[in-house]
Amino acid sequence: MTLQIGIIGTGWFSKVHADILARMEGVRVASVCGTSLEKAEAMAFVYDAVGYGELEHMLDGEKLDAVYICVPPMSHGSIESELIRRGIPFLVEKPLSTGMDVPRQVLDQVQKSGLLTSVGYHFRYQEAAQVLQQAMEEQTVGMALGRWMGGMPGVAWWRRQDGSGGQFVEQTTHIVDLLRYCAGEVTEVYAVAAQRSMHEKHEHVTVADVANVTLKLESGAIASIANTCLLPDGEGGAGLQFYTDAGVWDWTPERLLLPSAATHAMAGLEIPAGHNPYERENEAFIHALRTGDRSRILSDYADACRTQEITTAALASADSGLPVQLQPSKHLSH
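Note that the coordinates shown come from a computational prediction; the quantities given were computed from them, not determined experimentally. (Residues numbered from 1 in each chain as written. Predicted model: local features only at pLDDT ≥ 70, side-chain atom pairs only at ≥ 80, totals over all residues. Heavy atoms only, no water.)

### Description of the packing of helix H4 (residues 78–86) against helix H5 (residues 101–113)
- At a closest axis distance of 10 Å, the pairing of H4 and H5 adopts a crossing angle of 15°. As far as their axial angle goes, H5 and H4 are roughly parallel. Crossing angle aside, the handedness with which H4 passes H5 is left-handed. Mapping the contact onto sequence places Glu-80, Ser-81 and Ile-84 in H4 and Val-106, Gln-109, Val-110 and Ser-113 in H5.
- The class makeup of the residues in the contact of H4 with H5 is 3 nonpolar, 3 polar and 1 charged. (Axes fitted to C-alpha atoms, helices over the stretch in contact; angles between N-to-C directions. Helix = DSSP H or I, 4+ residues; strand = E, 2+ residues; numbered from the N terminus. Parallel < 35°, antiparallel > 145°, perpendicular 65-115°, else oblique. Left-handed = near helix turned anticlockwise from the far one by under 90°. Contact = heavy atoms within 4.5 Å. Nonpolar A, V, L, I, M, F, W, Y, C, P; charged D, E, K, R; others polar.)

Structure follows, in C-alpha cells:
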C-alpha cells in the first residue's frame with residue numbers, strides 16, 4: 001500500500017522533505033497546503049500532487065496517512081490540534097512554537113491520543129552525533145561550549161520576536177537539543193541578550209542579535225551556548241564541544257573530532273557527519289507509520305517539548321535578568 005503524505009508549507013524545508021519522500025518506495029506526496037492556493041499549486045505541480053489554500057479543504061479532500069508541518073514558529077497550534085482531532089500522525093519541523101503555551105496544549109492532546117509524532121531535530125540522526133551520544137554515556141562531562149553564529153535570515157517573520165521567538169528559539173535550539181541528547185537534562189538556565197546593530201540596519205527587527213546562555217545540567221556539568229545573527233553572510237558557524245578528562249570532543253554539523261586520549265576505537269580521528277540525516281529522519285517516521293515501531297524516531301513531540309522549555313526559559317531569563325529553574329526529573333512520557 002502506498003502511503004499518502006500531505007505537506008503544510010511551501011518553503012525550503014517543505015521541499016527538502018518532499019524531495020526525500022518522492023524518492024521513497026511506496027510513498028507519495030499527495031497534497032500540499034500553502035498560505036495561498038497559488039503557492040500550494042506551484043509546489044504541488046512538481047510532485048504531481050494537489051494544491052490547497054486551506055488546511056480543512058486538504059484534510060477533507062484527501063485520505064492522508066500522515067502530514068508534514070513545515071511552517072514558521074508563530075503558525076503552530078491550530079494545525080496540530082486539527083490533525084490530532086482527525087487522528088492523523090505528523091512530523092513537525094522545529095521549533096514547536098515561539099514559546100511554551102502552544103507546545104503544552106498540543107502535548108496534552110498528543111499524550112491523550114497516543115498519536116505518532118516526530119520532530120525535525122535532524123542532527124540526532126547523524127552518524128557522528130550517534131558516536132558522540134554513545135561516547136558521552138561513558139564520559140564524565142565537565143562542561144560544554146556551544147555556538148550558532150551567523151547572519152540574519154531575510155524573511156520578515158524571523159526578525160520579529162513574535163514571529164520566530166528569536167535566534168535561540170529558532171536556530172540555536174539545534175545546539176540545545178544536541179546538548180540534551182548527549183549530556184542529559186537541564187536544571188537551570190541563565191541568559192543575557194542584546195540588540196547591537198541589526199535593529200539599526202533593518203526595519204521591524206525586534207529580536208536580539210547577540211546572546212549567551214549558561215545552563216546547569218542534572219549530571220552536575222555546566223554548559224555555555226552563545227549565538228549571534230549580526231555577522232556578514234557566510235561567516236560564523238555552529239558547533240558543540242564537550243570537555244572531559246579524556247580531552248575535547250569537538251562536533252560541528254560537518255564532522256566530529258575525537259580526542260587522542262579517548263579510549264574509543266577511533267580516538268584522535270575525524271568522523272564525518274555521515275549519511276543525510278534528513279533521509280534517516282524521514283525513514284524512521286515512515287517506518288513507524290508502516291509498522292507501528294517508533295523506536296527509530298529519535299525526537300518525538302514530548303521529547304522536543306523539553307528542548308523548547310530550555311530555549312523559552314532562556315528568553316524569560318534574558319527578560320528578567322534572573323536564572324530560571326527547570327524540573328528535569330519530571331520526564332515527559334514518549
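### With respect to the nonpolar core
- In terms of nonpolar packing, the biggest core is built from 40 residues, with Leu-179, Val-189, Leu-215, Phe-242 and Trp-251 touching the most fellow members.
- Counting residues per element, this core draws most heavily on helix H9 (residues 173–183), which supplies 7 residues.
- Setting aside residues no more than four positions away along its own chain, Leu-215 makes contact with Leu-179, Val-186, Glu-188, Val-189, Ala-221, Ile-222, Ala-223, Ile-225 and Ile-310.
- Membership of the second largest hydrophobic core comes to 29 residues, among which are Ile-20, Ala-49, Cys-70 and Ala-284. (Core = buried A, V, L, I, M, F, W, Y, C linked by side-chain atoms within 4.5 Å. Buried < 20%, exposed > 50% of the residue type's maximum accessible area, 1.4 Å probe, protein only.)

### Comments concerning the layout of surface pockets
- In this structure, the largest pocket encloses a volume near 870 Å³.
- Taken together, 34 residues make up the lining of the largest pocket; nearest its centre are Phe-13, Lys-94, Trp-157, Glu-170 and Gln-171.
- Of all the secondary-structure elements, those providing two or more residues to the lining of the largest pocket are helix H1 (12–23), strand S7 (141–149), helix H8 (167–170) and strand S11 (237–244).
- Here the element with the most residues in the lining of the largest pocket is H1; it accounts for 3 residues.
- One number sums up the size of the second largest pocket: a volume of about 350 Å³.
- Along the wall of the second largest pocket there are 19 residues; nearest its centre are Ile-8, Gly-34, Thr-35, Val-71 and Ile-79.
- Where the lining of the second largest pocket is concerned, the elements lending two or more residues are helix H3 (55–61) and H4. (1 Å grid on protein atoms, 1.4 Å probe; cavity = no way out; pocket = protein on both sides within 12 Å on 5 of 7 lines; lining within 4 Å. Points joined across faces, edges and corners; volume = space filled by probe spheres on them.)

### As for helix H11 (residues 277–291)
- If you check H11, its first and last C-alpha atoms are 21 Å apart, about what 15 residues at 1.5 Å a residue would give, namely 21 Å.
- Pro-277, Tyr-278, Glu-281, Asn-282, Ala-284, Phe-285, Ile-286, His-287, Ala-288 and Leu-289 are the residues of H11 that are buried.
- On its buried face, H11 is in contact with strand S1 (3–8), H1, strand S2 (27–33), strand S4 (66–69), strand S5 (90–92) and strand S6 (117–119).
- Measuring from the backbone nitrogen of Tyr-278 back to the side-chain oxygen at the start of H11 gives 2.8 Å, which picks out Asn-276 as the cap.
- The positive-phi residue at the C-terminal boundary of H11 is Gly-292, with phi of around 85°. (Expected span 1.5 Å × (residues − 1). Polar contact = N/O pair within 3.5 Å; in protein donor to acceptor, adjacent residues only side chain to side chain.)

### Remarks on the pattern of salt bridges
- As enumerated under the stated definition, the model contains 17 salt bridges in all.
- Of the charged contacts in the structure, one is a salt bridge between Glu-309 and Arg-306, with a shortest N-O distance of 2.6 Å. One end of the pair, Glu-309, and the other, Arg-306, are both in helix H12 (residues 301–320), 3 residues apart, so they sit about a helical turn from each other. Each of the two residues, Glu-309 as well as Arg-306, counts as buried.
- Within this structure, Arg-124, Asp-177, Arg-180, Glu-185, Asp-303, Arg-306 and Glu-309 form a network of salt bridges that share partners. (Salt bridge = Lys/Arg side-chain N within 4 Å of Asp/Glu carboxyl O.)

### With respect to the pairing of S1
- With 6 of 6 residues buried, S1 is to be regarded as a mostly interior element.
- Every second residue of S1 is oriented toward a common face, with Leu-3, Ile-5 and Ile-7 on one face and Gln-4, Gly-6 and Ile-8 on the other, all of them buried.
- As a crossover connection, the stretch from S1 through H1 into S2 is right-handed.
- Pairing between S1 and S4: 4 bridges, direction parallel. Each bridged residue has a counterpart across the sheet, and for Gly-6 the counterpart in S4 is Val-67. (Right-handed = clockwise from strand over helix to strand, strands pointing away. Pairing = 2+ DSSP bridges.)

Remember that the coordinates give geometry; whether it matters functionally is a separate question.
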